[in-house]
Amino acid sequence: MAPPAGKDSGFYREGNDWFYKAGLPSDIIVSVNVVNFHLHKFPLIAKCGKMAHIYEESQSSHAKILNTVLEEFPGGPDTFLIAAKFCYGVRIDLTPRNTVTIYCAADYLEMTEEYGEGNLLSKAESFFYKSILHNWKDCILAVQSCEPVMGRAEKLQIVSRCLNALSVMACTDPSLFGWPMMMYGSLQSPGGSILWNGINTGARIRSSESDWWFEDISYLGIVLFEKLIKTMEARGIRPENLVGAIMYYARKYLPGLARWHSGQSSITRTVTSFSLKPVAHDQRVVLETIERLLPQKKGKSFSRFLLGLLRVALILGVNQTCEDSLERRIGMQLELATLDCLLIPTYSDADTLYNTDCVERILHHFMSSESRIESFSPTSLDMETSPSSGPVRKVAKLIDSYIAEVASDVNLKPTKIRSLAEAVPGSARSLHDGLYRALDIYFKAHPWLPDKEKEELCNLIDFQRLSIDACAHASQNERLPLRVVLQVLFFEQMHLRTALAGCLHVLDTESAPAGPTIETAGQIVQRDGWVTVVRENQVLKVDMERMRSRVGELEEEFSKIKQEMKKVSKSHSSLSSPRLAARKIGCKLLPRPSDAQQENLEITDPTPRASVACEATPRASVACEPAPRASSVEQARTSRHSRHRKSFSLF
């Protein structure tokens, strides 16, 4: 009966040599990675086909002690010690960590059923298929242990079977696996059910994410991780889930990349992850592998991740193929990028602060990409769901903002500004205000720039597409050449005339039914931001109409007063007293000295045609009050007409 595992098995070590307490001298020495095992032939030959072949080949030498070296033994001396113990009848324990290496070692030593029933190979194979492949945690541990014996594990299809099992379990409800998971500090099953003393309570933690397996697979080496992602892709796992796992893996092993992730940055620990050992990675290899795994998809968060990945790639100095591929991927979805992500610093010995050459290449990829890549599903990775949002116009606005941001660099050449601005077609800019602002910042940071180079850069601006505010600023900008200022003033006058003509055309046809001509005029008026001028003219015309009606009312009132005055003048002769007559017509009697001569009463009419004379006594002079009122009405009308003539003389 075999001794139980963990008890004294009879093996002991002295330096780099292992011995077995059998009371007999050893007759075979097996060397595995400079470690010597002093053993006996018959226990090994009875269980190991390879050792039997070696013994048969050594019969011709007639040596008392057989020395053999096992090259590239799977698992090294530790695994051979387990196999040797099995040959001597010592009980061994199979675990998820050692099953793969024991499986490979048994295959190496040819410990098949031919050399004994229930041999090591059949035991390891049975444990692998019945226990490991049906448990997520054990399968992850087994896959991680495949790295030292990758060649033989792939030959025995151990790796492919583990990866297939993981892919199936990742697509399935994880609560069916029967082991708990620690997430966000509370114990729960992988499916999200809260556990109490290991018992599933059925209560669910609210979570719409299917990322419970991201942390576990992130402990795999980059080679196994690549194989697993490709297997999951072949199994039909959603691309957004695969990209989420890749991004999680990249943020874990590439420093500084977590900054360019807009989602949750905390790392979720699981029960499995506490059992896994971290793997040392070559960051350059990790980045190049991740770039190959990324799908040809687009999304807002994905675009931000790609730009962060490009930054790290420039720091690590990846191969040119990887760098070009990243730039092409970013260029194909440049309309989803943001300015802060696009400001890539220069990591080489260049004079400029920002890597404008890289941005220019990305921009050329965007303009030359004929086939647009497919987007993720609308609910994943913050997708832009509007297909008619005008990606070219978005990119034009983004590039104008980028030029304005890098324009303050004193080492930036005018040719680079020109090449960036010309990379976007002129039709992509509805307004050239952004480009004008960028050039103004560049001229302010480069006051030594000659007027000739300034004029060449200003030729990039279409002054007919400047808003009224930009025109007003440019016409008073001392940093612009004089010729450019004159052009701005000329186009400003053209804009004003066009806006006024469109406004008058629209007002003249207000009563007519809407037609294509009116819509065209409206489009002309609204273009380039001249709506304010047109509205002011519309208000001005309405005020004029109101003023005309008010003047008409005043004229009617004055005519009534004039008729009343005529009636008074006809009946003044019948009055007995001048004072009584004055009271009846509303006039005031002014006292005079006794020696004053008789004066005539004059009533001033605001029009040349009206003139009324009132007679009085020599002692009195009568002044009529309605005359000054009518005179003020005429003055008000005259001043208002003069103001309107001045306002329209501006055009």
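For clarity, every value in this text was computed on a predicted model and none was experimentally measured. (Residues numbered from 1 in each chain as written. Predicted model: local features only at pLDDT ≥ 70, side-chain atom pairs only at ≥ 80, totals over all residues. Heavy atoms only, no water.)

1. Here we look at the overall build of the protein chain
For the protein chain, the count of helices and strands is 27 helices and 15 strands. Expressed as a percentage of contacts within the protein chain between residues at least 6 apart in sequence, the contacts between residues at least 24 apart total 70%. In the structure as shown, the protein chain presents an accessible area of about 35,100 Å², 51% of it carried by carbon and sulfur atoms. (Helix = DSSP H or I, 4+ residues; strand = E, 2+ residues; numbered from the N terminus. Contact = heavy atoms within 4.5 Å. Areas by Shrake-Rupley, 256 points an atom, 1.4 Å probe, with all protein chains shown as cover.)

2. Quick notes on the pattern of salt bridges
By the definition in use, this model includes 18 salt bridges. R361 is the salt-bridge partner of E327, the closest N and O atoms lying 2.9 Å from each other. One end of the pair, E327, is in helix α15 (residues 320–331); the other, R361, is in helix α17 (residues 356–368), with 34 residues separating them in the sequence. For E327, a relative accessible area of 1% gives the class buried. (Salt bridge = Lys/Arg side-chain N within 4 Å of Asp/Glu carboxyl O. Buried < 20%, exposed > 50% of the residue type's maximum accessible area, 1.4 Å probe, protein only.)

3. Observations concerning the packing of aromatic side chains
Evaluation of the coordinates by the stated rule reveals 15 aromatic pairs. A ring pair is formed by W213 and F214, whose centres lie 4.8 Å apart and whose planes are at 90°; its orientation type is edge-to-face. For the pair formed by W213 and F214, the shared burial category is buried. An aromatic cluster is built from F37, F73, F80 and Y108, whose rings are joined through pairwise contacts. Note that K454 overlies the ring of F443, its terminal NZ or CZ placed 5.5 Å from the centroid. (Phe/Tyr/Trp six-rings, centres within 6.5 Å; stacked < 30°, edge-to-face > 60°. Lys NZ or Arg CZ within 6 Å of the ring centre and 35° of its normal.)

4. A look at the sheet that holds strand β4 (residues 35–39)
Taken in spatial order, the five strands make up an open sheet running β1-β2-β4-β3-β5, and their pairing is mixed. Each having just a single partner strand, β1 (11–14) and β5 (66–69) make up the two edges of the open sheet. For this sheet the average axis-to-axis angle between neighbouring strands, irrespective of direction, equals 20°. Pairing of β1 with strand β2 (residues 17–20) involves four bridges; the strand directions are antiparallel. Looking at β2, one finds that R13 is bridged to W18. On top of the sheet, helix α2 (residues 49–57) reaches β3 (28–32) and β5; it is set at about 130° to β5, its chief contact. (Pairing = 2+ DSSP bridges. Axes fitted to C-alpha atoms, helices over the stretch in contact; angles between N-to-C directions.)

5. Topic: the packing of helix α20 (residues 433–445) against helix α22 (residues 468–475)
One way to put it is that α20 packs onto α22 with a least axis distance of 10 Å and a crossing angle of 25°. In terms of their interaxial angle, α20 and α22 are classed as roughly parallel. Crossing of α20 over α22 shows left-handed handedness. For the pair α20 and α22, the contacting residues are D433, Y436 and D440 in the first and A470, H473 and A474 in the second. (Parallel < 35°, antiparallel > 145°, perpendicular 65-115°, else oblique. Left-handed = near helix turned anticlockwise from the far one by under 90°.)

6. Looking at the pairing of β2
The turn joining β1 and β2, which pair antiparallel and follow one another in sequence, is formed by two residues; a positive phi near 70° is taken by G15. Here β2 runs beside β4; their pairing, made up of three bridges, is parallel. The partner of F19 across the bridge, within β4, is H38.

7. What to know about helix α19 (residues 414–422)
All buried positions along α19 are accounted for by P414, K416, I417, L420 and A421. Projected down its long axis, α19 shows its buried positions confined to an angular sector of 160°, all on one face. (Arc of directions from axis to C-beta.)

8. As for the nonpolar core
Membership of the largest hydrophobic core comes to 145 residues, with the highest contact counts inside it found for F80 and I158. Not counting the four nearest positions on each side in its chain, I158 is found in contact with V100, Y103, C104, F128, C146 and A153. (Core = buried A, V, L, I, M, F, W, Y, C linked by side-chain atoms within 4.5 Å.)

9. Thoughts on a nonpolar patch on the surface
A surface patch of nonpolar side chains, about 300 Å² in accessible area, is lined by L482, L486 and L489. Relative to the assigned elements, L482 resides in helix α23 (residues 482–508). Of the residues examined, L482 reaches a relative accessible area of 64% and is grouped as exposed. (Patch = residues over 30% accessible without salt bridge, like charges linked within 9 Å, V, L, I, M, F, W, Y side chains within 5 Å.)

10. A closer look at the side chain of T352
As for its position among the elements, T352 is in the loop between α16 (339–342) and α17. A distance of 3.2 Å separates the side chain of T352 from the backbone oxygen of Y354, its partner in a polar contact. Beyond its immediate chain neighbours, meaning those up to four positions away, T352 contacts T346, D409, N411 and L412. (Polar contact = N/O pair within 3.5 Å; in protein donor to acceptor, adjacent residues only side chain to side chain.)

11. What about the state of the cysteines?
Linking two cysteines covalently via their sulfur atoms produces the bond known as a disulfide. For the structure on display, the rule yields zero disulfides. Cysteine C104 is unpaired, with the sulfur of C146 as its nearest cysteine sulfur at 7.0 Å. Residue class for C104 comes out buried when judged on its relative accessible area of 0%. (Disulfide = S-S within 2.5 Å.)

12. Regarding the packing of α19 against helix α21 (residues 451–458)
Two elements in contact, α19 and α21, have axes whose closest approach is 10 Å; the angle formed by their N-to-C orientations is 10°. Put simply, α19 runs roughly parallel to α21. Packed against α19, whose contacting residues are P414, I417 and R418, the element α21 presents E453, E456 and L457 at the interface. Among the residues forming the contact of α19 with α21, the class breakdown is three nonpolar, no polar and three charged. (Nonpolar A, V, L, I, M, F, W, Y, C, P; charged D, E, K, R; others polar.)

13. Let's talk about the pairing of β4
Side-chain positions along a regular strand alternate between the two faces of the sheet. With respect to burial, β4 is a largely interior element, four of its five residues being buried. The antiparallel pairing of β3 with β4 creates a hairpin that spans two residues between the two strands, and N33 there sits at a positive phi of about 50°.

14. Quick notes on the confidence of the model for the protein chain
Of all residues in the protein chain, 68% attain a pLDDT of 70 or more, and the chain-wide mean is 76. Overall, residues 179–197 carries pLDDT values under 50, and its contacts beyond four positions in sequence, including any with other chains, amount to 63 contacts. Low pLDDT, under 50, characterises residues 378–389; the stretch is placed with 21 contacts to residues that sit more than four places away or in other chains. (pLDDT = per-residue confidence, 0-100.)

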